[in-house]
Number of protein chains: 2
Amino acid sequence: MCDTCGCGQPPEHPLKIKRIHVVRDVREARADIVEHNRAHLAALGCPAVNLVSAPGAGKTTLLERTLSGQPGGSLGRPAAVIVGDQATDNDAQRLTTTGAPVVQMNTGTGCHLEAWHVHDALHQLDLPTGAIVFIENVGNLICPVFFDLGQTANVVLLSVTEGDEKPEKYPEAFRDAALMVLTKVDLLPHVDFDRGRCFRFARALNPELPIVELSARTGEGMDGWLEWLAELR
Amino acid sequence: MCDTCGCGQPPEHPLKIKRIHVVRDVREARADIVEHNRAHLAALGCPAVNLVSAPGAGKTTLLERTLSGQPGGSLGRPAAVIVGDQATDNDAQRLTTTGAPVVQMNTGTGCHLEAWHVHDALHQLDLPTGAIVFIENVGNLICPVFFDLGQTANVVLLSVTEGDEKPEKYPEAFRDAALMVLTKVDLLPHVDFDRGRCFRFARALNPELPIVELSARTGEGMDGWLEWLAELR
């Protein structure tokens, strides 16, 4: 019982025991759109990469460097980008200068992209056959992981400034990733970050997880990322 | 109509038009717990500070430095901490060494603390009258902002490694903050971060927003943060 403020309420929490059965309908509607997206991408032979990270881990900078000189460029094949943000089209503006087609989706108060954002965006893009579709999700290391968009692979980015223990603290983002990209390695001399410790935490969750280490600012390590993308079907 | 994959589905999105009326009950249950927390804290004369930021912005490091030598220490008054994380009690272990009482709440797949987490934690803490209760929310610059915990003030942390445009891109976190703390200023020489640009974006959303710049690693700027806390009632 709560004695401090004298309210006399028991310490049970109504939120823990409520069930909202109607959610099942929403899940079914979501699943339909996911399958739609998957079929749309498969029909065009386009793999889709869902980039997930905390805000400021360097998703946009990585894509800028990856896509410079589109179509083709260092990627060697065409690409397009779907960018999610709560507000602004800043990232889309930055990426448009690469020459790749870009669609910005604003989520407002929303914390992740939904399959219908990707559906909307796919219908705004004129995708060449075999293009890679990069989905730059909203900067959030938690929620985007739980929403299937119809993508081929999840890539989780972690910057060295965030701390080496983050895979252990945010396990869901690392558990199902097809690749981990450690970003901003040019800052390693200035921060306390133990790469070995970080990778042990990540591979405790996902034993076969490939890891690429790079700095999109200096270009160091970009080859490993481009090689991984080259094998993506 | 979607022609690419031949599914013939219209581009409307069922998720947009669904309404889940039962959510109202959940909101009411939440509001009751929020009021309970607020009364509990008021009865003890304890202000509560909800720290919100992206993962790795330095919430725990700031609290370590703030609370060293508890009870009392550089803060000059007792304090306690409620720590939210998806997994691990790493942050609580770090903070316990300061001498302050600490309760860790794990959210599992959850992306933010709920009022009932704080309620549970308050009933585990033996709070001295007038102590500051720091609530270190889950690392997420979006979701925690939308859940009232009964706190006195929201403090948003942004690290200089995340980029100067973040207030514009994640406006909700900055709009209602009582204070913004710019962290990791020791890294300013190594990153592209325009302080003036960042502060303009933040104050376009929240014109009177006070801003403290500090490095919890070097101790630079900690006095401004301690002064702000000293005035908190």
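Provided above is the structure to which this section pertains.
Now for a quick tour of the structure. (Residues numbered from 1 in each chain as written. Chains lettered and ligands numbered in written order. Predicted model: local features only at pLDDT ≥ 70, side-chain atom pairs only at ≥ 80, totals over all residues. Heavy atoms only, no water.)

## A closer look at the overall build of chain A
Using the following cut-off: Here a strand is any run of E in DSSP of at least two residues, a helix any run of H or I of at least four, and the numbering for each starts at the N terminus. Throughout this description, buried means an accessible area under 20% of the type-specific maximum (1.4 Å probe, protein chains only), exposed means over 50%, and partly exposed covers the range between. By the convention used here, residues are in contact when the closest approach between their heavy atoms is within 4.5 Å.
Counting secondary structure elements, chain A contains 9 helices and 7 strands. Here chain A holds 233 residues, and 59% of them are scored as buried. Of the contacts made within chain A by residues no fewer than 6 positions apart, 70% connect residues no fewer than 24 positions apart.

## Some words on the sheet that holds strand β6 (residues 179–183) of chain A
Residue and element names in this part refer to chain A. How we decide: One bridge is not enough; two strands pair if DSSP finds at least two bridges between them. Angles here are taken between N-to-C directions and fall from 0 to 180 degrees, while the axes themselves are lines fitted to C-alpha atoms, restricted in helices to the stretch in contact.
Read from one edge to the other, the open sheet built from 7 strands follows the order β3-β2-β4-β1-β5-β6-β7, with strand pairing classed as parallel. Each having just a single partner strand, β3 (102–106) and β7 (211–213) make up the two edges of the open sheet. Along the sheet, successive strands turn relative to each other by an average axial angle of 20°, direction set aside. Note: strand β2 (residues 79–85) against β3, 5 bridges, orientation parallel. Considered in β3, the bridge of Val81 is made with Val102. Helix α5 (residues 115–122) rests against β2, β3 and β4 (132–136) of the sheet, and its axis sits at about 145° to β3. Sheet strands touched by helix α8 (residues 195–205): β5 (153–159), β6 and β7. Its angle to β6, the strand with the most contacts, is close to 160°.

## Focus on the environment of B:Gly219
Residue and element names in this part refer to chain B. The residue Gly219 is located in the loop between β7 (211–213) and α9 (222–230) in this model. Gly219 sits in the partly exposed class, given a relative accessible area of 21%. A sequence separation of 154 residues divides Gly219 from Arg65, and the C-alpha atoms of the two residues are 7.9 Å apart.

## Details of the packing of aromatic side chains
Residue and element names in this part refer to chain A. To keep it simple, the criterion reads: Ring geometry is summarised as follows: Phe, Tyr and Trp rings, the Trp one being its six-membered ring, pair when their centres sit within 6.5 Å, and such pairs are stacked at plane angles under 30 degrees, edge-to-face over 60 and tilted between the two.
Under the counting rule described, the total for this entry stands at 4 aromatic pairs over all chains. Ring centres of Trp225 and Trp228 lie 6.2 Å apart, and the angle between their planes is 5°; on these two criteria the pair is classed as stacked. Here Trp225 pairs with Trp228, and both are found in helix α9 (residues 222–230), just 3 residues apart, close to one helical turn. Here the two residues Trp225 and Trp228 agree in accessibility, since each one is buried. In textbook terms, an aromatic cluster arises when at least three aromatic residues are bridged by ring pairs, as seen for Phe134, Trp225 and Trp228.

## Notes on the nonpolar core
Cut-off, in case you're wondering: For the purposes of this section, nonpolar cores are sets of buried Ala, Val, Leu, Ile, Met, Phe, Trp, Tyr and Cys residues that join through side-chain atoms within 4.5 Å.
With 50 residues, the main nonpolar core has A:Met180, A:Leu182, B:Met180 and B:Leu182 as its most contacted residues. Core analysis: the second largest hydrophobic core is formed by 30 residues, A:Ala57, A:Val83, A:Phe134 and A:Trp228 among them.

## So, the pairing of strand β1 (residues 48–52) of chain B
All names here are of chain B. Among the 5 residues that make up β1, 5 are buried, leaving the element largely enclosed by the rest of the structure. Side chains Ala48, Asn50 and Val52 project from β1 onto one buried face, and the interleaved Val49 and Leu51 project onto a second face that is buried too. Bridge analysis of β1 against strand β4 (residues 132–136) gives 4 bridges, and the strand direction is parallel. When the sheet's bridge partners are listed, Leu51 is paired in β4 with Glu136. Taken together, the 4 bridges between β1 and strand β5 (residues 153–159) define a ladder with parallel strand orientation. Note on β5: the bridge partner recorded for Leu51 is Val155.

## A word on the sheet that holds β5(B)
Residue and element names in this part refer to chain B. Read across the sheet, 7 strands follow the order β3-β2-β4-β1-β5-β6-β7 without closing on themselves; strand pairing throughout is parallel. Each having just a single partner strand, β3 (102–106) and β7 make up the two edges of the open sheet. Geometrically, the sheet is characterised by an average inter-axis angle of 20° between neighbouring strands, direction not taken into account. Relative to β4, helix α3 (residues 59–67) is tilted by about 160°, and along the sheet it contacts β1, β2 (79–85), β4, β5 and β6 (179–183). The sheet contacts of helix α8 (residues 195–205) involve β5, β6 and β7, and relative to β6 the element is tilted by about 160°.

## Quick word on the environment of A:Val145
Residue and element names in this part refer to chain A. By the element assignment, Val145 lies in the loop between β4 and β5. Residue Val145 is classed as buried on the basis of its relative accessible area, which comes to 19%. The spacing of Val145 and Thr218 is 73 residues in sequence and 29 Å in space, taken between C-alpha atoms. Once you skip the residues sitting within four places of it in the chain, Val145 turns out to touch Val52, Glu172 and Ala173.

## Notes on the packing of helix α3 (residues 59–67) of chain A against α9(A)
Residue and element names in this part refer to chain A. Threshold: These descriptions rest on fixed angle ranges, namely under 35 degrees for roughly parallel, over 145 for roughly antiparallel, 65 to 115 for roughly perpendicular, and the rest for oblique. Residues are grouped as follows: nonpolar covers Ala, Val, Leu, Ile, Met, Phe, Trp, Tyr, Cys and Pro; charged covers Asp, Glu, Lys and Arg; every other residue, Gly included, is treated as polar.
Packing of α3 against α9 brings their axes to within 11 Å, and their N-to-C directions diverge by 75°. Judged on the interaxial angle alone, α9 and α3 are roughly perpendicular. For the pair α3 and α9, the contacting residues are Leu62, Arg65 and Thr66 in the first and Met222, Trp225, Leu226 and Leu229 in the second. Considered class by class, the residues forming the contact of α3 with α9 number 5 nonpolar, 1 polar and 1 charged.

## Points about the side chain of A:Asn137
Residue and element names in this part refer to chain A. What counts, and what does not: Between N or O atoms, a polar contact is any pair within 3.5 Å; within protein, one atom must be a potential hydrogen donor and the other a potential acceptor, and residues adjacent in sequence are included only when both atoms are from side chains.
Structurally, the position occupied by Asn137 is in the loop between β4 and β5. Asn137 gets classed as buried once you look at its relative accessible area, which sits at 1%. At 3.0 Å, the side chain of Asn137 forms a polar contact with the backbone nitrogen of Leu113.

## Re the side chain of B:Glu162
In this fold, B:Glu162 is placed in the loop between β5 and α6 (166–169). In this view, B:Glu162 contacts A:Pro55, A:Gly56, B:Ala54 and B:Ala57; residues no more than four positions away in its chain are not counted.

## Regarding unusual backbone geometry
Note that the residue after A:Gln70, namely A:Pro71, is joined by a cis bond; omega there is 0°. Structurally, A:Pro71 is set in the loop between α3 and β2. Even without being glycine, B:Thr88 reaches a positive phi, approximately 75°. Structurally, B:Thr88 can be placed in the loop between β2 and α4 (90–96). By relative accessible area, which is 17% here, B:Thr88 ends up buried.

## Points about helix α5 (residues 115–122) of chain B
Most of α5(B) sits out of view: 7 of its 8 residues are buried. Within the sequence span of α5(B), burial applies to B:Ala115, B:Trp116, B:His117, B:Val118, B:His119, B:Ala121 and B:Leu122.

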